[in-house]
Structure formats: structure tokens, C-alpha cells
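# Close look at the chain arrangement
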Amino acid sequence: MSRRVLVVLDPQFSRASVRDSYGCIDWVTYDYPALLAHDLLKSSTLRGFIFPGQSRHLVRQRPGFMPVRLHEKVWMLKTTAGSGLIPLTNKLLFWLRIRHKGMTVEFMKFEKFRDILISPNSDFRQTFQQYNTIWGGLDLMLTIRISERAGGWGNQAQLQQYLCGLKTLESIVPVWPPSREILRASIKFNVIVDLDQIASKMVNSPRPWTTLLSRTDPSQSFEGWILKREGSDCNRHVLLPGKVDPSNLPQDCGHFRWLKQSYVPTLRNIGEWRIILVDCLPLWVVHTAPGNREEEWVFLHRDAGLSLAEMSLRIRESYVFDDVMDPIGGTLSERRQADQELESFATIALSQLIGVEEELLDAPSSLRLIVRLDIGVMHGPDGQLGYFINEVERGVGIGLFSTGNPRWTLRLADEFGWVFSKWMTKTCLAMRRLIEPTT
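Time to look at the overall build of the chain. In terms of regular secondary structure, the chain is built from 14 helices and 18 strands. Out of the 439 residues belonging to the chain, those deemed buried represent 51%. Here the contacts in the chain between residues at least 6 apart in sequence split such that 72% fall between residues at least 24 apart. Summed over all atoms, the accessible surface of the chain reaches about 21,300 Å², with 53% contributed by carbon and sulfur.

Attention now moves to the packing of helix H8 (residues 179–186) against helix H9 (residues 188–201). The geometry of H8 relative to H9 is characterised by a closest axis approach of 4 Å and an angle of 85 degrees between their N-to-C directions. For the element pair H8 / H9, the angle class is roughly perpendicular. On the side of H8, the interface is formed by Arg184, Ala185 and Ser186, while H9 contributes Lys188, Asn190, Val191 and Asp194. Along the lines of polarity and charge, the residues of the contact of H8 with H9 split into two nonpolar, two polar and three charged.

Let us now look at the sheet that holds strand S11 (residues 225–229). Taken together, the four strands give an open sheet; going across it, the order is S10-S13-S11-S12, and neighbouring strands pair in antiparallel fashion. Every other strand in the sheet has two partners, leaving strand S10 (210–212) and strand S12 (238–239) as the edge strands with one partner each. Across five bridges, the pairing between S11 and strand S13 (residues 258–262) is antiparallel. Directly across from Lys228, in S13, lies its bridge partner Leu259.

Another aspect to go through is the environment of His38. Checked against the element boundaries, His38 lands in helix H2 (residues 34–42). Along the backbone, His38 and Pro52 are 14 residues apart, and their C-alpha atoms lie at a distance of 9.0 Å.

All chains considered together, the criterion is met by 17 salt bridges. One salt bridge connects Asp414 with Arg97, and the closest N-O pair in it is separated by 2.9 Å. Within this pair, whereas Asp414 is found in helix H14 (residues 406–430), its partner Arg97 is found in helix H3 (residues 90–100), the two being separated by 317 residues in sequence. Residue class for Asp414 comes out partly exposed when judged on its relative accessible area of 30%. Taking relative accessible area as the criterion, Arg97 reaches 25% and is therefore assigned partly exposed. A salt bridge links Glu391 to Lys188, with the shortest nitrogen-to-oxygen separation between them at 3.6 Å.

This next bit is on the side chain of Arg335. Relative to the assigned elements, Arg335 resides in helix H13 (residues 332–361). At 3.0 Å, the side chain of Arg335 forms a polar contact with the backbone oxygen of Gly329. Those residues in contact with Arg335 that lie beyond four places of it in its chain are Ala304, Gly305, Leu306, Glu310, Gly329 and Gly330.

Bringing the pairing of strand S2 (residues 27–33) into the picture now. The buried fraction of S2 amounts to five of the seven residues, a majority that puts the element mostly inside the structure. Alignment of S2 against strand S4 (residues 65–71), held across seven bridges, turns out to be antiparallel. Across the sheet, Val28 pairs through a bridge with Leu70, a residue of S4.

Rules behind the numbers
- Residues numbered from 1 in each chain as written.
- Predicted model: local features only at pLDDT ≥ 70, side-chain atom pairs only at ≥ 80, totals over all residues.
- Heavy atoms only, no water.
- Helix = DSSP H or I, 4+ residues; strand = E, 2+ residues; numbered from the N terminus.
- Buried < 20%, exposed > 50% of the residue type's maximum accessible area, 1.4 Å probe, protein only.
- Contact = heavy atoms within 4.5 Å.
- Areas by Shrake-Rupley, 256 points an atom, 1.4 Å probe, with all protein chains shown as cover.
- Axes fitted to C-alpha atoms, helices over the stretch in contact; angles between N-to-C directions.
- Parallel < 35°, antiparallel > 145°, perpendicular 65-115°, else oblique.
- Nonpolar A, V, L, I, M, F, W, Y, C, P; charged D, E, K, R; others polar.
- Pairing = 2+ DSSP bridges.
- Salt bridge = Lys/Arg side-chain N within 4 Å of Asp/Glu carboxyl O.
- Polar contact = N/O pair within 3.5 Å; in protein donor to acceptor, adjacent residues only side chain to side chain.

Structure follows, in C-alpha cells:
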């Protein structure tokens, strides 16, 4: 029996500006054949998906090629006629794969979905009862950007209309991810407090100190501190030490606040491990680190890593990123133990976080299905190196770090499709809905 899913792709990842593409890990620089690059850059269809790149962001410049700046959630697919290339988001590829594996998947433009939710005359039940579940919609983890305001989001009142309609819809049909959970998690300080409490119960799990930014304390120091804002991701709205002007502190954005957090040098010196977990189990790990050039990021799918003890020894001497990202040597047993150490930390911490959130919300957490944990290392009060969770990415906007290699997206689709189908069945039964939707 096929499950019927309506997928509403979030508009916030459709297009961007050149400025948004720099200093953001959603974007990478590739070199394309010059003629192809010129055609892509001239295409109105691709406007906002691809920009001219800079040679300094390439490891090397190949003759006859030119750098282009490409969104992490977009890759190029040859048309049937072979006459050109079209943009295909990884999320679209993801759901096309799930549909190919036997689930009935239909797509709806976000603008149509939004209009149904905010229209006072729309009949939710008649429109949506034909589906087992609805996936997607607006990514509520982030602020609405200018491009979305131009597309019809004029003020906060319209967003509240959308949220009210979404709440009504959730009473009729299962919607993933659940809006109550996402809205709470978008207030980043809530999750940080949860993680601080979890870390206090775990062995060798240090945490940076975080507090809400004060604008009434003229004596506060910003040396050794960073500022980061709620409702943001991918290193947007982050001010590193030396970039904070105490006389001109950034303003909050609606209910999203600026936070003051102790600076963790190892995030820059070593990087982070981005772990994709499906059904609470690690699927793959990507190690990211700032590159040698300004606003450059490098990432590598982890094949083998170092243990905390090995890292502690390695960073006492001169080293380069590859020494940690792609270490040479070590027995198979040592590499397996290092991987197990990282993955064990991730799964235990995730289990604790799910427990905290489900108790607070009295509802199943979306983190049980899929989540990306961004994990760094730092020295604790005892001087020992330990893992800590820097970010928790959830919902429709999770970056997969699968640019240019769709096989990772396909593998995720195969794993997630099975878990998602189980969630649909369980949720429909809990809502006393028929497993076979009404047509």
C-alpha cells in the first residue's frame, strides 16, 4: 500500500544574493569549463543559484576553466535532450528518489500552500485530506529574508496568519516537521540551555559559556567572546572576536536575539564534525574547517578520524588540517575506536536531547527521524579535550554537505524513506486517521 505525501519545498533556499553566498557554508566554489560557466551565469533560470566565483577560493585554477559560486542545495542535471543543464535541488532529488522507491510523492509550490493556509475561505480538509502527510513549508528555524518579503510576506501579521493556518492543518493531517518544536528550537538559547544541562551529566563534555547579549552593561568586555544571533545558520550573523563594536551593538530581529558566547579557538583551528543521523543512528560524518583563504571553507567526508587522546597530542605540535581531517596511519582497530568515540558521544547526547524536548513539548521529536549535529572539541576546566555540540540542525533546511556528489543524497533518501513511512503510519494511527487517505 503506497503512502501519499505532499512535499512543499521551502522558498528560503531558492535564490540568494552574491553577498549571502560568501562566509556561508551553504555555498562552495567550483571550476567549470569557461563556455559552460558563461552559459550558466547568463541563464535567468539559474539567477540566484550561481554566481561568478573568485580564483583565490580554488585550490588551483585549471586552464580553460573559470570559478563559479554554487549553492550547496543545487546541482546540475542534464536535460533529456542533452541540450543543456537545469538546476535540481538536493531536496528535490531526495524526494524523487523516495517516489522511485514506491512512495507516492506530489509537489506543491510554497506560494500556493501559503495562500491556502492564510485564505479565510479555504477548506483545509477538502484540500489536504487526500494525503497521508505533508512535508515541508516555510523553514521556521530562520528569519524571513528580504527575498521572501518581496514574494508576498509584507509583515509579521501575515506570518502569524500562516502559523495559525499551519496549526489548524496539523490538527487535520500529520505535518513534518511539527511547528511547535521548530518554533521553540528557533530560539537558539532554548536549545543551548538544554545542551548545557545535558553536558553537565555527561563525562568529559565541556561547553562554551553562553548568555543573552546585554545592552545596558557599559563595562562588559568582548575580548574572547563571539556574538551569534538566533533565527540564523550557516555562519550568518556571527561576529568573531575583534569584530564587535561595543558602541554599536547589533539589534535583535523581532523575537530572535543576539547571544554572547565564549570563543572556542579549536572551532577554527580544528573545525567541526557534521554528523547526519537518521533514526538516531549516524549515517555519515563530514569534517569542515575554515580554509587558508578568507571566507573559504573546506570539507571532507570522514573516512577515518583521530581519537580525542590522539588529537590532544597532535595539536600540541605544528599541524595542518589534513592531519586531523584525513589522518595517515593507525591500525584499523584504532580508527574504529576513534569513530566509535565520536559516534557514541553523538548518539548519547541526541538521546538525552530528545528526552528533554519530548518531556517539555509532550510530543514526539522530529530529531528521532533526522538531524544534523555539528560537533566540535574544546578543552574543559580540567584541561582535557572533549566533544561538545555546537549546533543542532533540524527540519526542512538541514544542509547535507553533499554538493556535487548526489549519491550521498540518494543514500539518505533510501534510509529516511523507510523511517518516514513508519512515522506516517504511527502518527496517522495516533490521530485516528485512516492509513489509506480519503480521495
